[in-house]
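# Structural description and commentary
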Amino acid sequence: MPDVTSNLAMTHLVPLAAQEVDENKVTPGVLGFIVFAVMALAVWGLMKSMNKHMRKVDFKEKPGAEPVGADAAKAPERS
């Protein structure tokens, strides 16, 4: 049975491969490439900017610093 299936598939795929490119077919063209290139440059610029800003962030805590929620835990409750 695999013989019949592969033969049937080949008879359907060979005409598709033999077809020439249709000139009336819609393609992205130069405008599509320009839009893609501009978007790629924008993403590159945003990533570079983000990288610059992330380098400025200090992730290490100062020794002896209390956590942000520590003041709320020590405060007496109001009635």
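Residues numbered from 1 in each chain as written. Predicted model: local features only at pLDDT ≥ 70, side-chain atom pairs only at ≥ 80, totals over all residues. Heavy atoms only, no water.

### Things to note about the overall build of the protein chain
Looking only at helices and strands, one finds three helices and zero strands in the protein chain. Taken from N to C terminus, the helices and strands of the protein chain fall in the order α-α-α. Within the protein chain, the proportion of its 79 residues that are buried is 1%. Of the accessible surface of the protein chain, which amounts to about 8300 Å², a share of 66% is contributed by carbon and sulfur atoms. (Helix = DSSP H or I, 4+ residues; strand = E, 2+ residues; numbered from the N terminus. Buried < 20%, exposed > 50% of the residue type's maximum accessible area, 1.4 Å probe, protein only. Areas by Shrake-Rupley, 256 points an atom, 1.4 Å probe, with all protein chains shown as cover.)

### Structural notes on a nonpolar patch on the surface
A cluster of nonpolar side chains, Val43, Met47, Met50, Met54, Val57 and Phe59, forms an exposed patch at the surface whose accessible area comes to about 620 Å². With respect to the secondary-structure elements, phenylalanine 59 resides in the loop between helix 2 (29-56) and helix 3 (70-74). Residue classification places phenylalanine 59 among the exposed positions, given a relative accessible area of 63%. (Patch = residues over 30% accessible without salt bridge, like charges linked within 9 Å, V, L, I, M, F, W, Y side chains within 5 Å. Salt bridge = Lys/Arg side-chain N within 4 Å of Asp/Glu carboxyl O.)

### What about the confidence of the model for the protein chain?
Per-residue pLDDT for the protein chain averages 77, and the proportion of residues at 70 or more is 56%. Put simply, helix 3 is where the protein chain has its lowest mean pLDDT, 59, and helix 2 is where it has its highest, 96. (pLDDT = per-residue confidence, 0-100.)

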